[in-house]
Amino acid sequence: MGALLLLLVATVAAVLAGAVPVSAHAALTGSDPQQGSVVQEAPSQISLTFSEKVATSDGSVRVYDPKGKQVDTGDVADLGGNSYGVKLRPGQPDGTFTVTYQVVSADSHPVSGAFTFSVGAPSKTTVPVPGQEAGGGVVGGLYGFARYLSYAGFILLVGGAAFVLACWQRGAGVRPVQRIVVSGWLTLAVATLAMLLLRGSYTGSGKLGDVFDLDLLSDVLQTKTGAALISRLLLLAAAALFIAVLFGAYARRDEEDDAEGVEESEGGEAGEEGVEDVVREADGTEPGGTETDRPEGAGSEDDDELSDADDGSYQRDLTFGLAIGGGVVAAGLAASWAMAEHASTGLQAGLAMPLDILHLLAVAAWLGGLVTLLVALFRAPSDAQIETAAVRRFSRVAFGSVLVLTATGIYQSWRQVGTWSALTGTSYGQLLLVKIGLVAVLVGIAWISRRWTTQLAEAPAATEEDRETATGDGADEGASADAVGDGAGAGVADDGAGASAGAVGDGGRDDPERAAQLARQRVAVATAREKRLRDADPGRRGLRRSVLAEAGVAVVLLAVTTALTSTEPGRTVEEAKAANAAVAPDTQSGALALDMSFDTGGKNGKGVVRLEIDPARVGANEMHVYVQGPDGKAHDIPEVKVAFTLEAKDIGPLPVVPDHIATGHWTADGVQIPMAGDWNIEVTVRTSDIDQVTVSKNAKIG
């Protein structure tokens, strides 16, 4: 139980680690007027072009004049392709205008940003730069948490049910296995409902108070993502019926078959002798006599065989029906992701969506089955231990799932990344490399589990004493016997012992303290028997450890996968970067490099920070920060932050937090410089928990 608790803690930690603001999955690739440009006359319309289709609403694009007054008409028009426009009111003054946008990309993620252009000549502007990125804040964290839970619930629901039907049909009557599947259903239902309520605020204001805004909810229901979430809830209703049949009629039928098998095996000889005695009495035949006539109805054995065949046929038909119905529901649930996220947009969407469904189903069959196997190994009662054949069947299912995951994963990786540079130089590519590494670790542990599987012995059959212990009768007798032994003394006759036992039994009923002691003894006896049965086979002990390790890695893998769904694909990043380079103004300088010495005053607090910006022009830039010690060697420090301020235009500070990629090396992609000018660049370096300093230099950019 302690191991399962640790696994739960790891799950929560992974969820909290993955609940970060999402990155945009569509990028602004152009605008008219261009960002940072100066035009002679105020345009009648502002147009924006994105790297993919986006969803807009009234107010998605806003334009402010130099005094901060909104001057657009509010109606956003689709101009064709990936371009969208908003009209300006006539009679606009000269000066610097600010354009803000907040839209939803085709794969359901919010995208926001801002840029400026000037009419006549640049001027000061009082428009504040939005302080929170779309999809961030408390609402963004809650939405990310719900997204993780929805994946986890899907895996437990589909994987657990598939494990029962394909590998261990007796597991339908095992309570811990039932709890896994039902918990998956509840988790997915609650997470889906939470995402539906959070969606409007997540893609809009980001305010927690807007979660229960009915107007926002109505708008969400008209979007592709809203339709997918509603479809998921409807499919969960069908899944509830599937679960009721699986753990109801199907489980009862399987239990009846098991009970008949036990009765036949235990009562074989005694039953045959009893039948012979009855026949002799009916015929008046002596025990040693010769039987000349068979009683009427002796052919009922043939009827029993036909009945057994009918029962077997019914069970097979029920299994087949549940497999088909459950497969349809599972594919529908997987499609609610595939048709609303990454696979639904971009290159070869028609092929990507069905492959994404296969990918999700394979993940559920492998990881969900793994969790169910873990629960069966640790929590199944002694009279319902999982059979070796069931473990080996799951081993084959897991192997097939890994093959499907590999094939579909390679295709999806190529589709979302595209180039080797995007694999190593973008956040999406780096997360993908982490995921590949975790999958490799998981497959390695699975190989160890497969070796343990080949060494498994059959689960020890539960004796009558074990079955009584499971129901509490055997424990009662054992505890009573212990109590009698304690109070009677050695050398007491049988009658005396019986009297003592009765007295102790009466005393246990009258004395609450004694009753509690007997209850503890019963629990101890039952626990000891359970442990003896579980540990009877060293192969099962080894398998439990390796499966637990697999489950721990799977939790982290799921967190990384959730983060991937919230990260801008590498292919999109590179396409947007190329488009920005193509439309950037001609007034640009080359790469900019600044060296700044720092001294935080603490131990190892001296060094040089070098900042490089390429191509150092208006629009998107690539930034690198290098930190060196006094000896000129690369030196790691806890934190580096950069801020850009254009004091002449009252813009900024614009903060940038680069990612650490190597010793003494930090980088950031897509650093936006809204307009040309003499920028003040501040670099904050922290060398310990308390030692920090900010150094700055001015540089002309654009």
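### Regarding the overall build of the protein chain
Phase 1: When its secondary structure is counted, the protein chain shows 17 helices and 18 strands.
Phase 2: Residues classed as buried in the protein chain amount to 44% of the 702 residues present.
Phase 3: As displayed, the protein chain has an accessible area near 34100 Å², and 57% of this comes from carbon and sulfur atoms.

### Details of the nonpolar core
Phase 1: Counting 67 residues, the largest nonpolar core has Phe154, Leu157, Trp168, Leu246, Leu373 and Ile386 as its most contacted members.
Phase 2: For this core, the secondary-structure elements that each account for two or more residues are α2 (137–166), α3 (175–203), α5 (224–266), α7 (300–338), α8 (349–379), α9 (388–417), α11 (427–454) and α16 (538–565).
Phase 3: Among all residues touching leucine 246, those that are not within four sequence positions of it are Ala161, Val164, Leu165, Ala172, Ala251 and Leu322.
Phase 4: Of all hydrophobic cores here, the second largest spans 31 residues; its members include Ala616, Val640, Leu646 and Ile651.

### Brief notes about the sheet that holds strand β10 (residues 592–599)
Phase 1: With respect to topology, five strands assemble into an open sheet ordered β10-β11-β12-β16-β15, the strand pairing being antiparallel. Two strands lie at the open edges of the sheet, namely β10 and β15 (659–662), each paired on one side alone. Ignoring strand direction, the axes of neighbouring strands in this sheet form an average angle of 25 degrees.
Phase 2: Judged from the seven bridges that link them, strand β11 (residues 606–614) and strand β12 (residues 619–628) form a sheet pairing that is antiparallel.

### Points about the confidence of the model for the protein chain
Phase 1: Here the protein chain shows a mean pLDDT of 76. Residues at 70 or above account for 74%.
Phase 2: Here helix α1 (residues 2–18) stands out as the element of the protein chain with the lowest mean pLDDT, 38, in contrast to α3, whose mean of 93 is the highest.
Phase 3: This stretch, residues 462–508, has a pLDDT under 50; its non-local contacts, to residues over four places away or in other chains, come to 39 contacts.
Phase 4: A low-confidence stretch, residues 582–589 stays under pLDDT 50, and its non-local contacts, those more than four residues away or across chains, total 16 contacts.

### Here's the deal with the sheet that holds strand β14 (residues 651–656)
Strand pairing in a sheet relies on backbone hydrogen bonds. The paired strands run either parallel or antiparallel.
Phase 1: Ordered in space as β14-β13-β17-β18, the four strands form an open sheet in which the pairing is antiparallel. The open sheet has two free edges, formed respectively by β14 and β18 (692–701), since each of these has just one partner strand. On average, adjacent strands in this sheet sit at an angle of 20 degrees to one another, irrespective of strand direction.
Phase 2: Here strand β13 (residues 639–646) runs beside β14; their pairing, made up of four bridges, is antiparallel. When the sheet's bridge partners are listed, phenylalanine 644 is paired in β14 with leucine 654.

### Let's talk about the packing of aromatic side chains
Phase 1: Throughout the structure, instances matching the rule amount to eight aromatic pairs.
Phase 2: Taken together, a centroid distance of 4.0 Å and an interplanar angle of 10 degrees make the contact between tyrosine 143 and tyrosine 202 stacked. In this pair, tyrosine 143 sits in helix α2 while tyrosine 202 sits in helix α3, placing the two residues 59 residues apart along the sequence.
Phase 3: Arranged with centres 5.2 Å apart and planes meeting at 65 degrees, the rings of phenylalanine 154 and tryptophan 337 form a pair that is edge-to-face. Of this pair, phenylalanine 154 sits in helix α2 while tryptophan 337 is found in helix α7, placing the two residues 183 residues apart along the sequence.
Phase 4: Judged by relative accessible area, which is 1%, phenylalanine 154 ranks as buried.
Phase 5: For tryptophan 337, a relative accessible area of 2% translates into the label buried.
Phase 6: Through successive ring pairs, a cluster of aromatic residues spans Phe50, Tyr84 and Tyr101.
Phase 7: A cation over a ring is seen here: arginine 232 above tryptophan 337, with NZ or CZ 3.9 Å from the ring centre.

### Focus on the pairing of β15
Phase 1: Taken together, the three bridges between β15 and strand β16 (residues 665–673) define a ladder with antiparallel strand orientation. Bridging across to β16, alanine 662 finds its partner in histidine 665.
Phase 2: Here β15 hands over to β16 after two residues, with glycine 664 in that stretch at a positive phi of 70 degrees.

### Some details on a nonpolar patch on the surface
Phase 1: Side chains of Val138, Leu142 and Leu208 sit close together on the surface and give an oily, nonpolar patch of about 270 Å² of accessible area.
Phase 2: Here valine 138 is to be found in helix α2.
Phase 3: Under the relative-accessibility criterion, valine 138 is labelled exposed at 56%.

### Things to note about the environment of aspartate 650
Phase 1: Relative to the elements of secondary structure, aspartate 650 occurs in the loop between β13 and β14.
Phase 2: With a relative accessible area of 53%, aspartate 650 lands in the exposed category.
Phase 3: Distance from aspartate 650 to lysine 124, taken between C-alpha atoms, is 6.3 Å for residues 526 residues apart in sequence.

Reading the values: rules and limits
Residues numbered from 1 in each chain as written. Predicted model: local features only at pLDDT ≥ 70, side-chain atom pairs only at ≥ 80, totals over all residues. Heavy atoms only, no water. Helix = DSSP H or I, 4+ residues; strand = E, 2+ residues; numbered from the N terminus. Buried < 20%, exposed > 50% of the residue type's maximum accessible area, 1.4 Å probe, protein only. Areas by Shrake-Rupley, 256 points an atom, 1.4 Å probe, with all protein chains shown as cover. Core = buried A, V, L, I, M, F, W, Y, C linked by side-chain atoms within 4.5 Å. Contact = heavy atoms within 4.5 Å. Pairing = 2+ DSSP bridges. Axes fitted to C-alpha atoms, helices over the stretch in contact; angles between N-to-C directions. pLDDT = per-residue confidence, 0-100. Phe/Tyr/Trp six-rings, centres within 6.5 Å; stacked < 30°, edge-to-face > 60°. Lys NZ or Arg CZ within 6 Å of the ring centre and 35° of its normal. Patch = residues over 30% accessible without salt bridge, like charges linked within 9 Å, V, L, I, M, F, W, Y side chains within 5 Å. Salt bridge = Lys/Arg side-chain N within 4 Å of Asp/Glu carboxyl O.

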